[in-house]
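# Examining the three-dimensional arrangement
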Amino acid sequence: MKRVYAGEKSLLDFLKPIEKLIFKICGADPAKSMNWKQYLFALLTIQVVWVVPAFIMLMLQGKLFLNPAHVPGMEWSLALNSAVSFLTSTNLQHYSGESGASYLSQVAVFTFLQFVSAATSLAAGVAIIRGLTADPGTGVGNFFNDFLRSCTRILLPLSVIVAVVFMLGGMPMTFKGPHKIITLQGDTVTVAKGPVASMVPIKELGSNGGGFFGANDAHPFENPVFATFVVHFIIVLLLPMAFVFFIGYYLNRKKFAWMLFSVMAAGLLLLTFPIAKEEAAGNPRITAMGINQSAGNMEGKEVRFGVNYSAFYCAENIVIPAGTVASVHDSYMPLSATAMLIGMQVDAFFGGLGTGWINMFMYLVIAVFIGTLMIGRSPELFGKKISTKEMQVAVMVNVLQIFVPVALAAIACFVYVNKTGGGDTLGWLSNKGPHGFTTMLYEYVSSAAGNGSNFAGLGNNTIFWNLTTSIAMLSGRFVPIIGGLMIVGLMKQKKFIPASLGTLQTDSATFGAFLFVLILILSVLSLFVIFMAGPIAEHFSLHV
């Protein structure tokens, strides 16, 4: 990755003629350096180029080709929500994969958007890293060059390799229609299939998560054997972890990268343990009925994987906002749901590919500002002073990441409670009380975090949920990118100041511990009262 983004020689240089041809067709100059405003303008403009055709194609999919199952076109709000969802790398699916999307939509809309959204995330993360280099007044790179190389040099080669592995494991890759099978008892069953192996690798390598099937990785065609499940485990973490070390190589600050990795790994483990513990203990209400729960809380779990593998896969896909599921999150214990909400809200314990680093960068700016003032020094990061403007932007991004999902959840609760005839007429919730509140809150936190997983007990394919979650997804996606580029743009204008004995050491274990505690304070404690009204209240109700 360092060689790719630094323009150095790499094994994939044979792709240069193809890349040059693409640039020539598009009229883009990959050698032109951009400042942060130009980079951001190019990044945002190209999103419109992708989302409009995707929106139209989803509405018209019933009349287009590659639709052997005769799937009808999507209703406009669902089409908009789905297009925005995959554009923002969230992959929140208010439709059921195999029955809601044609093969054309699966390939030309969803698989395509998963590639370009992941490449956009990578490009934005790389631009912010460039903004931290010592060279004053230089740009943050060229978006089109970073974007295309992310696709051709990183995402596409890895996806091809993984797709071959998956096909060897039994994953379908065909454009033939659904297969009808007559069972032993004489019933006719329709088995959906399709171009699955081309979509599944990028959904996890790119921190996307949208499944070809409604059951996602619990479906035997997305996860044929345990060996493929192991591959799923690996590729979800592969690039987000690699990106952390890429930071160290690019900035020549490997010790700093190890500090970041330690903080992120600690966060991952801290969230994994309570989920695994709660699921292994089982539901106390079921135990009170005299039912043996030695296998743990098996409700909503794929029996091939059981509690332990499901719990770790859940935690992994919470900290990496792929949102891929191999079990039903709605059936997890309340404290497990608390850990899920925390992981999605922080969204920086590795986080999404590129975007996880951007969220961590916001915490880093705040931590450096507070930490240096505590020791009586002027705040500076990598030789560039952090002023009030940078701090204001970082705090605003952090506040919005919390405010938007909470405000939308409050609106949803108000609508549900004040609906004429009662909330039951809406058909939103299959569970009321604290669990119902958690269900609605989870939908918005997941949307804002770019995660896309949800509680299955929510009837979310309505105009209200399609539009409000679209707001959360757009905010959660682009507010951190805009804020991050703005901060490095401000820092680029400042002179480089060599480190001295009084400079705060951002690569030390002490600073890592301080950063970790700051993240918990800013994210976890900000939502503590809300947790009390939802999952924590439900937890206590189970033990009464």
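As a starting point, this report considers the structure included with it. Each chain carries its own residue numbering, running from 1 in the written order of its sequence. In view of the model being predicted, local features appear only for residues whose pLDDT reaches at least 70, and side-chain atom pairs are presented and counted only at 80 or more, with totals across whole chains, interfaces and linings using the full set of residues. The side-chain values count all of the structure's non-hydrogen atoms but skip hydrogen atoms and water molecules.

## With respect to the pattern of salt bridges
A side-chain nitrogen of Lys or Arg and a carboxyl oxygen of Asp or Glu constitute a salt bridge if their distance falls within 4 Å. Applying the stated rule across the entire model yields 10 salt bridges. For the salt bridge of glutamate 222 with lysine 203, the shortest nitrogen-to-oxygen distance reads 2.5 Å. Of the two residues, glutamate 222 is situated in the loop between helix H8 (200-205) and helix H9 (226-251) and lysine 203 in helix H8; the sequence distance between them amounts to 19 residues. A single burial state applies to glutamate 222 and to lysine 203, both of which are buried. Several salt bridges converge on common partners, so that one network encompasses Asp13, Glu19 and Arg153. For the purposes of this entry, the term helix denotes a DSSP run of H or I that reaches at least four residues, the term strand denotes a run of E that reaches at least two, and both are numbered from the N terminus. Relative accessibility decides the category of a residue: with a 1.4 Å probe and only protein chains considered, values under 20% of the type maximum give buried, values over 50% give exposed, and everything between is partly exposed.

## Let's talk about the pairing of strand S2 (residues 188-191)
Both strand S1 (residues 179-182) and S2 contribute to a ladder of four bridges, which runs antiparallel. What sits directly across from isoleucine 181, in S2, is valine 189. Strands are treated as partners if at least two bridges between them are detected by DSSP.

## Topic: the packing of helix H3 (residues 36-60) against helix H6 (residues 103-130)
Interaxial angles span 0 to 180 degrees and are taken between N-to-C directions of axes, which are lines fitted to C-alpha atoms, for helices over the stretch in contact. Where H3 contacts H6, the two axes come as close as 11 Å, and the packing angle between them is 170 degrees. Between H3 and H6, the angle falls in the class roughly antiparallel. Each of Tyr39, Leu43, Gln47, Trp50, Ala54, Met57 and Leu58 in H3 lies in contact with H6, whose residues at this interface are Leu104, Ser105, Ala108, Val109, Phe110, Phe112, Leu113, Val116, Thr120, Ala123, Ala124 and Ala127. An angle counts as roughly parallel when it lies under 35 degrees, as roughly antiparallel when it exceeds 145, as roughly perpendicular when it falls between 65 and 115, and as oblique in every other case. The contact definition used throughout considers only heavy atoms, calling two residues in contact when any of these lie within 4.5 Å.

## Here we look at the environment of alanine 407
Residue placement: alanine 407 occurs in helix H15 (residues 388-418). Separated by 37 residues in sequence, alanine 407 and tyrosine 444 place their C-alpha atoms 9.3 Å apart.

## Observations concerning the state of the cysteines
When two cysteine sulfur atoms lie within 2.5 Å, the pair is treated as a disulfide. Applying the stated criterion to the full structure yields zero disulfides. Cysteine cysteine 151 shares no disulfide, and the gap to the nearest cysteine sulfur, in cysteine 26, comes to 11 Å. Judged by relative accessible area, which is 12%, cysteine 151 ranks as buried.

## What to know about the environment of isoleucine 521
Looking at where isoleucine 521 falls in the secondary structure, it is placed in helix H18 (residues 509-524). Separated by 168 residues in the primary sequence, isoleucine 521 and leucine 353 have C-alpha atoms spaced 24 Å apart.

## Comments concerning the packing of helix H10 (residues 254-281) against helix H14 (residues 355-374)
One can describe the packing of H10 onto H14 by two numbers: an axis separation of 13 Å at closest approach and a directional angle of 100 degrees. With respect to H14, the axis of H10 lies roughly perpendicular. Contact residues: H10 offers Phe256, Leu260, Val263 and Met264, while H14 offers Trp357, Met360 and Leu364. Classifying every residue of the contact of H10 with H14 by side-chain character gives seven nonpolar, no polar and no charged. Under the scheme applied, nonpolar residues are Ala, Val, Leu, Ile, Met, Phe, Trp, Tyr, Cys and Pro; charged residues are Asp, Glu, Lys and Arg; polar residues are all the others, including Gly.

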